[in-house]
Amino acid sequence: MQLFTHRFGGVLAVAAVMLIAAGCATSTDASTVSPGDVPITAAPAPLPSITEPPVPVTTSEPPATHGPSETPGPLPLAGRVIVIDPGHNGRNAQHLEETTKLVDIGNGTKPCNSTGTASAGGFSEAELNWQVALRTREALAALGANVVLTRLDNDGWGPCITERAAVGNRVEADAAVSIHADGGPADGRGFHVIHPAFVPGLTDDIAAPSLQLARSLRASMAETAMPVADYIAVDGFSERSDLGGLNLSDIPAVFLEMGNMKNAEDAALLADAGFQQEVAAAIARALSTFLER
Ligand code: ZN
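Residues numbered from 1 in each chain as written. Predicted model: local features only at pLDDT ≥ 70, side-chain atom pairs only at ≥ 80, totals over all residues. Heavy atoms only, no water.

**Student:** Tell me about the overall build of the chain, and name the residues and values.
**Tutor:** In terms of helices and strands, the chain carries seven helices and 11 strands. A burial count over the chain gives 50% of its 293 residues as buried. The long-range fraction of contacts in the chain, counting pairs at least 24 apart against all pairs at least 6 apart in sequence, stands at 79%. When the accessible surface of the chain is totalled, it reaches about 12700 Å², and 55% of it is carbon and sulfur. (Helix = DSSP H or I, 4+ residues; strand = E, 2+ residues; numbered from the N terminus. Buried < 20%, exposed > 50% of the residue type's maximum accessible area, 1.4 Å probe, protein only. Contact = heavy atoms within 4.5 Å. Areas by Shrake-Rupley, 256 points an atom, 1.4 Å probe, with all protein chains shown as cover.)

Quick look at the structure:
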């Protein structure tokens, strides 16, 4: 079990680190549990004291298999560390003073965080992102990955975009995927993938591999029920130099905009558990393909 401590918004917190792969090199206590003995869902860690902020779930779990006969070879993402960044947070709107504070993104400033969009029916992007992140964590864990989430629940604010990028750098993750949905024109449909522009001194080290990851993700998302965006991006790709989460990342990183929440058809899909599961599987496939190299 490992804890990665970090600071965001002046609050000491601990990143939720799911060490899931049995035999994972970074897991120090995986040998004390045997596959099948530990539930798939994480159990909350005890709070150190009532005066400290909540401590996230941290656990070590075996892959979701039921015996050696079902695991003929190493899992495709065994030993890999993946950061999943669910965009926004459920209570950002109640913490505008903190979330609107400007932070340095390397080539300018941006608000610490934002509230995100919502469907006409009131389904918030923050909640959607969180649900898909949980499903993605499970899909990646089944492939043997160690998954780190940048926020612990959908009931707080932040962290700032600077901290979201720092999480991946600090744990030296193999890749990071930020999960979002767009608030576009009501008649526009579809998903798109955002990858970092080549910015000397900022993203020169990650632009090329991030584009490869974006291509993998665009390809796997095209196998879902969501069409490629028809109102934004070019054939599902958008290159950006104004996103702190990408500018400040030292590991390959992309943003997925799963669909347009302001479009009725997209919103219905995005709210559907089956589709959310498709997206999670698509993200996991994309990361497997990208990291297979
Ligand atoms: Zn968003």
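Let us keep going from here.
**Student:** Tell me what's going on with the packing of helix H4 (residues 207–221) against helix H7 (residues 273–291), and back it up with residues and numbers.
**Tutor:** At a closest axis distance of 8 Å, the pairing of H4 and H7 adopts a crossing angle of 140°. The orientation of H4 with respect to H7, classified from their angle, is oblique. In this structure, H4 crosses over H7, and the sense of that crossing is right-handed. For the pair formed by H4 and H7, the contact residues are Pro 209, Gln 212, Leu 213, Ser 216, Leu 217, Ser 220 and Met 221 on the first element and Val 279, Ala 282, Ile 283, Arg 285, Ala 286, Leu 287, Thr 289 and Phe 290 on the second. Counted by class, the contact of H4 with H7 contains 10 nonpolar, four polar and one charged residues. (Axes fitted to C-alpha atoms, helices over the stretch in contact; angles between N-to-C directions. Parallel < 35°, antiparallel > 145°, perpendicular 65-115°, else oblique. Left-handed = near helix turned anticlockwise from the far one by under 90°. Nonpolar A, V, L, I, M, F, W, Y, C, P; charged D, E, K, R; others polar.)

**Student:** Describe the coordination of the zinc ion, listing the residues and the values that go with them.
**Tutor:** Around the zinc ion, the protein contributes the donor atoms His 88 (NE2), Glu 125 (OE) and His 180 (ND1), at 2.1 Å from the metal centre. Of note, the zinc ion draws all its donor residues from one chain, in the sequence arrangement H-x36-E-x54-H. Highlighted residues: His 88 in the loop between strand S4 (81–86) and helix H1 (96–99) and Glu 125 in helix H2 (residues 125–142), separated in sequence by 37 residues. (Donors = N, O, S within 2.8 Å, 3.2 Å for Na, K, Ca; no water.)

**Student:** Go over the pairing of strand S7 (residues 146–149), please, and point to the residues and values.
**Tutor:** Residue alternation in S7 divides its side chains into two sets, Asn 146 and Val 148 and Val 147 and Leu 149, and both sets are buried. Bridging between S4 and S7 involves four bridges; their strand directions are parallel. Bridge pairing in S7 links Ile 82 to Val 147. (Pairing = 2+ DSSP bridges.)

**Student:** So what's going on with the pattern of salt bridges? Residues and values would help.
**Tutor:** In the structure shown here, the tally under the stated rule is 10 salt bridges. Between Arg 189 and Asp 266 there is a salt bridge, and its shortest N-O distance comes to 2.6 Å. Placement of Arg 189 in the loop between strand S8 (175–182) and strand S9 (192–196) and of Asp 266 in helix H6 (residues 264–270) is noted, with a sequence separation of 77 residues between them. The class of Arg 189 is buried, set by a relative accessible area of 18%. (Salt bridge = Lys/Arg side-chain N within 4 Å of Asp/Glu carboxyl O.)

**Student:** An account of the nonpolar core is needed here, citing residue identities and associated values.
**Tutor:** Residues Ile 84, Leu 140, Val 177, Leu 217, Leu 256, Met 258 and Ile 283 are the most contacted members of the largest nonpolar core, which totals 38 residues. Of all the secondary structure elements, the ones that give two or more residues to this core are S4, H2, S7, S8, H4, strand S11 (253–260), H6 and H7. Here this core takes nine residues from H7, the largest share from any one element. Setting aside residues up to four positions removed in sequence, Leu 217 forms contacts with Val 177, Val 193, Val 254, Leu 256, Ala 282, Ile 283 and Ala 286. By size, the runner-up hydrophobic cluster in this structure holds 13 residues, among which are Val 148, Val 171, Ala 173 and Ala 253. (Core = buried A, V, L, I, M, F, W, Y, C linked by side-chain atoms within 4.5 Å.)

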